[in-house]
Amino acid sequence: MATFGKQVEAKIPALRRYARALTRDSDIADDLVQDTLVRALRSEHLFHGGEIRSWLYTILTNLNRNRLRSLARRPLHSPLEDNDAPDLAGPEAGSRDIERALATLVEDQRNALLLVVLEGLSYREVAQVQGVPIGTVMSRLARARVQIKGFLDGERPALRRVK
Amino acid sequence: MIDRDSPVTEEELHAFVDGELPADRQEAVAAWLSAHPEQAALVAAWRAQAESIRARYGAVAHEPVPGRFALDRLMRQGRASGGRSWAALAAAAAVVAFLVGGGTGWVARGATAAAPNGFDAFTADALDAYKLYVVEVRHPVEVPGSERPHMTQWLSKRLGAELRIPDLQSIGLKLVGGRLLPGPTGAAAFYMYEGPSGERFTIYCAKAVSPETALRFKEGQRVAAFYWVDDKVAYAVSGPADRDQLEKVAKTVYEQVDRSGAKKS
């Protein structure tokens, strides 16, 4: 248990990073991480060797999917729109743009892209987390990149014009 | 290996950006890109996206971890809040199913330990007991529900596990009583409840091998059962085959036996 606990503990910073990018809301993200940890600790006997990191990402990804599903039954409001400050130029605007671009992705594509570029998982590991073949991971990744590029190419000039 | 001039697919460009190509192919693609500015621009755009994502969220991993994530605290909290909630049990079930299906590096040990034999044998026993005693008018139980404390003590002793006989009055079910039965691995406890229109539900429980399992549902022609293992005790809640109604009963039972687990620790 001590080793298991230590291994789980070592992953908390990365899980928080992934959850933050997934949800783009620090409170929701930390709740998600907490649920993931509780679930992992109680399910230790379900973990049978293998990579603890992929397992934790799997739980978090599934929990977030459940969350979105139950959210979908209620009227949606986007937290991004709610606290929109006037658009800024410079790096601040860039980080906002990527946040919005991520928000436009389909959930599975967002998961795949974030696991690869932010969390540094291999295609094989992402396939394991998502429970799909590697080819599916690659096409999700490709579609995510096309979507983000389209969003940024279309959005940036518009923001400049406003300014 | 593919030579330097072979066409580069878009898939390979993604793999190139993500460092998924073998070293020699990585080099070949880099060389190819220097002669193909359009694709090079695409690759640059994807890299810039990745950079923005890392720039935006990377710092989160360097923040000090808040105290709420202290593991000993989370474990205490898990127990204090009554352990796995009914909803959590369902969610964990999804995780178990997923691990079995998609995992190469791990297996869901809890699921294999309980299924198919443990689960099937146990619910079959529970449903047999249900069918046998639920039609009994004069002697459905050995000990009447009015002797709950005595029954709790007696059955706990025989099973070798601290039992708690749920009170289902809140959903309109009265405890008829209980009896001791043979179980798959020793003694089993059996409680019967009755609703206002005479419908009967039973709980069959015995010590289990695995500490806990996901929730399962088994449906026969006219009867059905929910099965789970928690804190090393297996439970099967049986009743008429109306899943919604039975789930309500099982959920109430779950919450009550789980609370007793919390009290113990």
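Heads up: the structure comes first, above all this text.
Residues numbered from 1 in each chain as written. Chains lettered and ligands numbered in written order. Predicted model: local features only at pLDDT ≥ 70, side-chain atom pairs only at ≥ 80, totals over all residues.

Novice: Which residues make up the overall build of chain A, and what values do they have?
Specialist: Check the secondary structure of chain A and you find nine helices and zero strands. Moving toward the C terminus, one meets the helices and strands of chain A in the order α-α-α-α-α-α-α-α-α. Residue burial in chain A is summarised as follows: out of 163 residues, 38% are buried. When contacts within chain A are restricted to residue pairs at least 6 apart in sequence, long-range pairs at least 24 apart make up 65% of them. (Helix = DSSP H or I, 4+ residues; strand = E, 2+ residues; numbered from the N terminus. Buried ≥ 20, exposed ≤ 12 C-beta atoms within 10 Å, placed from the backbone. Contact = placed C-beta atoms within 7 Å.)

Novice: Account for the overall build of chain B, with residues named and values stated.
Specialist: In terms of helices and strands, chain B carries nine helices and seven strands. Counting the 265 residues in chain B, one finds 31% classified as buried.

Novice: Which residues make up the nonpolar core, and what are the values?
Specialist: Proteins that are soluble and globular tend to have nonpolar side chains buried together. Core analysis: the biggest nonpolar cluster contains 44 residues, and Cys205, Tyr235 and Val237 of chain B have the highest contact counts within it. Those elements giving two or more residues to this core turn out to be α7 (117–134), α8 (148–159), β3 (186–194), β4 (200–207), β6 (223–230), β7 (233–240) and α9 (243–264) of chain B. With residues up to four places along the chain from it excluded, the contact list for valine 237 of chain B reads Phe201, Ile203, Ala225, Phe226, Leu246, Val249, Ala250 and Val253 of chain B. Judged by nonpolar contacts, the second largest core, of 42 residues, contains Tyr18, Leu32, Ala40 and Met138 of chain A. (Core = buried A, V, L, I, M, F, W, Y, C linked by C-beta atoms within 7 Å.)

Novice: Now, about the sheet that holds β7 of chain B: what can you tell me, with residues and values included?
Specialist: All names here are of chain B. The seven strands lie next to each other as β1-β2-β3-β4-β7-β6-β5, forming an open sheet whose pairing is antiparallel. Looking along the sheet, the strands with just one partner apiece sit at the ends: β1 (143–144) and β5 (216–219). As defined by bridge partners, β6 adjoins β7 across eight bridges and the pair is classed as antiparallel. Looking across to β7, one finds that valine 229 is bridged to alanine 234. Strands in contact with α8 are β1, β2 (174–183), β3 and β4; relative to β2, the strand with the most contacts, it is inclined by about 15°. (Pairing = 2+ DSSP bridges. Axes fitted to C-alpha atoms, helices over the stretch in contact; angles between N-to-C directions.)

Novice: Break down the packing of helix α1 (residues 10–17) of chain B against helix α3 (residues 37–57) of chain B for me, with residues and values.
Specialist: Residue and element names in this part refer to chain B. Between α1 and α3, the least distance of the axes is 10 Å, while the angle of their chain directions is 45°. If you check the angle between α1 and α3, you find them oblique. In this structure, the crossing between α1 and α3 has a hand that is right-handed. The segment α1 lies against α3, with Leu13, Phe16 and Val17 engaging Gln39, Leu42, Val43, Trp46 and Arg47. Tallied by class, the residues present in the contact of α1 with α3 amount to six nonpolar, one polar and one charged. (Parallel < 35°, antiparallel > 145°, perpendicular 65-115°, else oblique. Left-handed = near helix turned anticlockwise from the far one by under 90°. Nonpolar A, V, L, I, M, F, W, Y, C, P; charged D, E, K, R; others polar.)

Novice: Report on unusual backbone geometry, specifying residues and quantitative values.
Specialist: Residues and elements named next belong to chain A. If you check the backbone angles, arginine 24 has positive phi at about 55° while not being a glycine. Mapped onto the elements of the fold, arginine 24 is located in the loop between α2 (12–23) and α3 (26–42). For arginine 24, a count of 19 C-beta atoms within 10 Å puts it in the partly exposed group.

Novice: Which residues make up the packing of α2 of chain A against α3 of chain A, and what values do they have?
Specialist: Residues and elements named next belong to chain A. Orientation of α2 relative to α3, taken along the N-to-C sense of each, is 135°, at an axis distance of 8 Å. Relative to α3, the element α2 lies oblique. The handedness of the crossing between α2 and α3 comes out as right-handed. From α2, Ile12, Leu15, Arg16, Ala19, Arg20 and Thr23 reach across to α3, where they touch Ser26, Ile28, Ala29, Asp30, Leu32, Val33 and Thr36. Looking at side-chain class alone, the contact of α2 with α3 contains seven nonpolar, three polar and three charged residues.

Novice: Let's hear about α3 of chain B: which residues, and what values?
Specialist: All names here are of chain B. In this model, α3 (21 residues) spans 30 Å end to end at C-alpha, consistent with the 30 Å of a helix rising 1.5 Å per residue. Within α3, the full set of buried residues consists of Trp46, Gln49, Ser52, Ile53, Arg56 and Tyr57. Along the axis of α3, the buried residues cluster in a sector spanning 115°; they form a single face. Along α3, exposed side chains directed more than 90 degrees from the buried face belong to Pro37 and Ala41. (Expected span 1.5 Å × (residues − 1). Arc of directions from axis to C-beta.)

Novice: Talk me through the environment of leucine 32 of chain A; I want residue IDs and the actual numbers.
Specialist: Residue and element names in this part refer to chain A. Mapped onto the elements of the fold, leucine 32 is located in helix α3. Counting along the chain gives 13 residues from leucine 32 to alanine 19, while the straight-line C-alpha distance between them is 6.9 Å. In this view, leucine 32 contacts Ala19, Thr23, Leu60, Leu63 and Asn64; residues no more than four positions away in its chain are not counted.

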